[in-house]
Amino acid sequence: MSVEPSDDEAPALIQPEDKAKVAMEVSEEVPQLQSVNDDDAVPDLVAAPSDKPTSKVPITIVTGYLGAGKTTLLNYILTEQHGKKIAVILNEFGDSIDIEKQLTVSDANATDARPVDFVPLANGCICCSVKDVGVAAIENLMEQSGNFDYILLETTGLADPGNIAPLFWLDDGLGSSIFLDGIVTLVDAKNVLKSLDEGFGDEQKEDEKHDHHGPLLTTAHLQISHADVILINKADLVSAEELDKVVNRIRSINGLAKIETTTRSQVSQLEGLLLDLHAYDAVSDKDLQFASKGHSHLDPSISTTTIHFPAISESQVAQFDEYLRTILWEEQLPGSFAYDPFEIHRLKGRVPVHGGKPLLIQGVRNMYETTEGKQNDGDEEEAKLVLIGKGVGQPAFRESLIAILQAS
Ligand SMILES: Nc1nc2c(ncn2[C@@H]2O[C@H](COP(=O)(O)OP(=O)(O)OP(=O)(O)O)[C@@H](O)[C@H]2O)c(=O)[nH]1
Ligand SMILES: [Zn+2]
């Protein structure tokens with residue numbers, strides 16, 4: 001099986017550990033997976049007992065620095081009217097779990113000492129805590145619990161979402177019943193600049209600070225660079241000027257994410273901002289517009305950059321894919337260009353193909369997925385590839401891409 005997206009309607013989710021095996025991801029455009037009630041439409045590959053839902057459950061990962069307001073956000077979501085049965089998962093990732101946190105989210109039942117799998121919450125929501133947050137563990141929980149239609153996963157303050165996201169960004173070949181909807185990162189408006197500059201509170205990074213030369217890459221950077229939505233919380237604790245400074249710094253790191261400033265994690269809307277983001281399916285031109293404008297390099301460690309290049313032809317699709325594989329899997333630029341080492345955290349692209357459908361590209365660290373969009377709207381002539389990471393602003397990225405495309 002080839003990894004070339006033009007070979008099949010269904011996109012390939014490609015992992016570097018197993019280049020030969022290309023897992024097939026059923027795309028949004030395949031209608032049968034979405035329509036649970038349509039008897040004819042139950043696809044063969046999903047073995048679904050009649051009492052279990054066949055549609056996939058979205059998961060939103062809520063990440064953010066210690067004390068940024070994650071639990072406050074979860075409590076806010078659970079008390080809002082959203083018409084969903086939400087399962088909240090508190091993840092400990094080997095760290096000691098924050099007992100206070102468990103009590104805040106769950107109700108009085110949780111105060112007895114026995115470990116509980118599920119704690120009922122308002123709105124028919126439930127809360128559980130898992131030690132091993134592998135997909136299998138969550139699927140197991142889902143089987144025990146019956147139905148809920150949304151999962152919120154609060155990670156510990158020091159977690160790097162770049163290590164977590166790939167766990168949930170899985171192929172249907174594994175029978176996964178959940179899908180990654182988006183990553184929401186909370187930052188503390190008062191402390192985030194300090195965190196970015198000094199790795200404030202960042203115990204795991206203390207050693208690296210002394211070992212490595214070059215700009216410091218903190219946990220705060222990682223949480224911001226991987227986010228689809230960034231909530232700048234505790235806005236009440238800073239002045240308007242300070243808040244502006246924070247917004248600009250964060251925007252320069254991640255030019256793709258939606259950014260909202262909040263107090264007590266009170267977001268303007270749930271739908272589309274925190275829930276049902278679909279940050280990992282379609283890539284619209286609108287999604288990429290903001291990133292294309294920004295050229296500020298306010299942060300020395302991580303930035304967002306957009307490579308603009310002309311629409312490609314069918315015969316260049318293979319070269320384009322080779323370029324993606326080389327930068328993401330080998331962490332090198334194809335061709336003989338001089339460049340500094342780089343690190344890509346997130347990638348999104350939209351590449352019109354002459355006479356065909358545009359390619360939509362999504363990447364997290366070294367995993368990526370190429371899908372076909374709908375027919376080009378009018379004459380889409382410009383392709384865009386947005387990269388978030390370390391060293392991604394080097395002109396050699398574009399030069400190398402142009403060279404490999406011209407070689408075809
Ligand atoms: N002033 C102010 N305090 C806030 C705001 N949001 C949350 N807090 C407080 O900040 C503290 C930490 O909030 P949490 O929601 O527990 O933060 P967290 O990210 O879940 O913290 P950890 O789980 O320990 O990483 C609590 O005392 C909150 O009441 C805000 O917008 N402004
Ligand atoms: Zn918390």
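Residues numbered from 1 in each chain as written. Chains lettered and ligands numbered in written order. Predicted model: local features only at pLDDT ≥ 70, side-chain atom pairs only at ≥ 80, totals over all residues. Heavy atoms only, no water.

The name that an unreviewed UniProt entry assigns to the chain is CobW-domain-containing protein, with the source organism given as Aaosphaeria arxii CBS 175.79. For the record of the chain, the UniProt heading Catalytic activity (unreviewed entry) holds the text "GTP + H2O = GDP + phosphate + H(+)". (UniProt positions renumbered as here; feature names shortened; annotations may be inferred.)

1. Description of the overall build of the chain
Tallying secondary structure elements over the chain gives eleven helices and 15 strands in all. Across the 408 residues of the chain, 53% fall into the buried class. Taking contacts inside the chain between residues at least 6 apart in sequence as the whole, the part at least 24 apart equals 75%. Surface exposure of the chain reaches about 18,400 Å², of which carbon and sulfur atoms provide 49%. (Helix = DSSP H or I, 4+ residues; strand = E, 2+ residues; numbered from the N terminus. Buried < 20%, exposed > 50% of the residue type's maximum accessible area, 1.4 Å probe, protein only. Contact = heavy atoms within 4.5 Å. Areas by Shrake-Rupley, 256 points an atom, 1.4 Å probe, with all protein chains shown as cover.)

2. Here we look at the coordination of the zinc ion (ligand 2)
Surrounding the zinc ion (ligand 2) are the protein donor atoms Thr71 (OG1) and Glu154 (OE), at 2.0 to 2.5 Å. What the four donor atoms of the zinc ion (ligand 2) show is an angle range of 92 to 165° at the metal, which sorts the shape as irregular. Separated by 83 residues along the polypeptide, threonine 71 in helix 1 (residues 70–79) and glutamate 154 in strand 7 (residues 150–154) bring together distant segments of the chain. Of the residues examined, glutamate 154 reaches a relative accessible area of 2% and is grouped as buried. (Donors = N, O, S within 2.8 Å, 3.2 Å for Na, K, Ca; no water. Tetrahedral: all angles 85-135°; square planar, octahedral: opposite > 155°, others 65-115°.)

3. What about the nonpolar core?
Judged by nonpolar contacts, the single largest core of 42 residues is most densely connected at Leu73, Ile86, Phe168, Leu231, Val267 and Leu274. For this core, the elements supplying multiple residues, two or more each, are strand 3 (57–64), helix 1, strand 4 (86–91), strand 7, helix 4 (161–168), strand 8 (178–188) and strand 9 (229–233). Every residue in contact with valine 267, bar those within four places of it in the chain, is listed here: Leu73, Tyr76, Leu231, Glu260, Thr262, Leu273 and Leu274. Listed in part, the 29 residues of the second largest apolar core include Val317, Ile344, Val351 and Leu387. (Core = buried A, V, L, I, M, F, W, Y, C linked by side-chain atoms within 4.5 Å.)

4. Quick look at helix 8 (residues 240–253)
The terminal C-alpha atoms of helix 8 lie 20 Å apart, and with 14 residues this matches the ideal 20 Å at 1.5 Å per residue to within 8%. When helix 8 is considered as a whole, its buried residues turn out to be Leu243, Val246, Arg249, Ile250, Arg251, Ser252 and Ile253. (Expected span 1.5 Å × (residues − 1).)

5. Let's talk about the site of ligand 1
Taken together, 17 residues lie around ligand 1, and Lys70, Thr71, Thr72, Asp236 and Arg264 are the ones closest in. Glycine 69 places a main-chain nitrogen or oxygen 2.9 Å from an oxygen atom of ligand 1. At 2.8 Å, a side-chain N or O of threonine 71 approaches an oxygen atom of ligand 1. Contact with the protein chains hides 75% of the accessible area of ligand 1, taken as 660 Å² for the molecule alone. (Near = heavy atom within 4 Å. Polar contact = N/O pair within 3.5 Å; in protein donor to acceptor, adjacent residues only side chain to side chain.)

6. Brief notes about the packing of aromatic side chains
If you walk through the whole model with that rule in mind, you get four aromatic pairs. Seen from their ring centres, tryptophan 329 and tyrosine 368 are 6.1 Å apart, and the 50° between their planes marks the pair as tilted. Here tryptophan 329 is found in the loop between helix 10 (317–328) and strand 12 (343–351), whereas its partner tyrosine 368 is found in strand 14 (residues 367–372), with 39 residues between them in sequence. Taken as a pair, tryptophan 329 and tyrosine 368 share a single burial class, namely buried. (Phe/Tyr/Trp six-rings, centres within 6.5 Å; stacked < 30°, edge-to-face > 60°.)

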